[in-house]
Amino acid sequence: MYSQDSIAGRRRGRPEPTAEMLSGLACLICGTDYRNAPDPEAVVVSHREDRQLLACRGTCARMAGGSADGLDEPPLPLAERVRRHRADGI
């Protein structure tokens, strides 16, 4: 498992989230695109401007939000996240 120093260093070195990450279409940590991934298990790890931020369950979720299982909240369906992303034009 990763040490707290390793996790903190990863957070500091991470680039700004992309539009897809902010729309819940890609993992905040590894960048997995949920539209193309074969059955990814994404969890909600945070919120930003009334949007759910998602990460892959496990290490990515722990690095993004401190818990391997994310928040106790189900992610919006992929189709809804894609629709909102297109409507926002980001």
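This text follows the structure it describes.
So, here is what we can say about the structure in this document. (Residues numbered from 1 in each chain as written. Predicted model: local features only at pLDDT ≥ 70, side-chain atom pairs only at ≥ 80, totals over all residues. Heavy atoms only, no water.)

A short note on the pattern of salt bridges
Note the cut-off: Here a salt bridge means any side-chain nitrogen of Lys or Arg lying within 4 Å of a carboxyl oxygen belonging to Asp or Glu. In this description a helix means any DSSP run of H or I spanning at least four residues, a strand means any run of E spanning at least two, and both kinds are numbered starting from the N terminus.
As enumerated under the stated definition, the model contains six salt bridges in all. The partner of Arg51 in a salt bridge is Asp88, with the nearest N and O atoms 2.8 Å apart. Here Arg51 is found in strand β2 (residues 51–56), whereas its partner Asp88 is found in helix α4 (residues 78–88), with 37 residues between them in sequence. For Arg84, the salt bridge goes to Glu80, with nearest N and O atoms at 2.8 Å. Of this pair, Arg84 and Glu80 both sit in helix α4, separated by four residues, roughly a single helical turn.

Considering the side chain of His85
This is how the line gets drawn: Three labels apply to residues, based on accessible area from a 1.4 Å probe with only protein chains included: buried if under 20% of the type maximum, exposed if over 50%, partly exposed otherwise in between. In protein, a polar contact requires one atom able to donate a hydrogen and another able to accept it; more generally it is a pair of N or O atoms within 3.5 Å, and residues adjacent in sequence count only if both atoms are side-chain atoms.
Within the secondary structure layout, His85 lies in helix α4. Owing to a relative accessible area of 10%, His85 belongs among the buried residues under this scheme. Side chain to side chain, His85 and Ser23 meet in a polar contact 2.7 Å long.

A look at α4
Basically, it comes down to this: In this description, the arc belongs to the directions extending from the helix axis to the C-beta atoms.
Along α4, the positions that sit buried rather than exposed are Arg81, Val82 and His85. Viewed end-on, α4 has its buried residues packed into an arc of 100 degrees, placing them on one side of the element. Turned more than 90 degrees away from the buried face of α4, the exposed residues are Ala79 and Ala87. Just downstream of α4 lies Gly89, where phi reads positive at about 70 degrees.

With respect to unusual backbone geometry
Its identity is not glycine, yet Glu49 carries a phi of approximately 50 degrees, on the positive side. Under the relative-accessibility criterion, Glu49 is labelled exposed at 68%. Its identity is not glycine, yet Asp50 carries a phi of approximately 60 degrees, on the positive side. In this structure, Asp50 sits in the loop between β1 (42–48) and β2. On the basis of relative accessible area, Asp50 is assigned to the exposed category, the value being 77%.

Some thoughts on the nonpolar core
Where we set the bar: Buried Ala, Val, Leu, Ile, Met, Phe, Trp, Tyr and Cys residues that are joined via side-chain atoms within 4.5 Å together make up what is termed a nonpolar core. Two residues qualify as a contact provided that any one of their heavy atoms is within 4.5 Å of a heavy atom in the partner residue.
Residues Cys27, Tyr34, Val45, Ala55 and Cys60 are the most contacted members of the largest nonpolar core, which totals 17 residues. If you list the elements that add at least two residues to this core, you get β1, β2 and α3 (59–65). Look past the residues within four positions of Val45 in its chain and what remains in contact with it is Leu28, Leu53, Leu54, Ala55, Ala61, Ala64, Gly65, Gly70 and Leu71.

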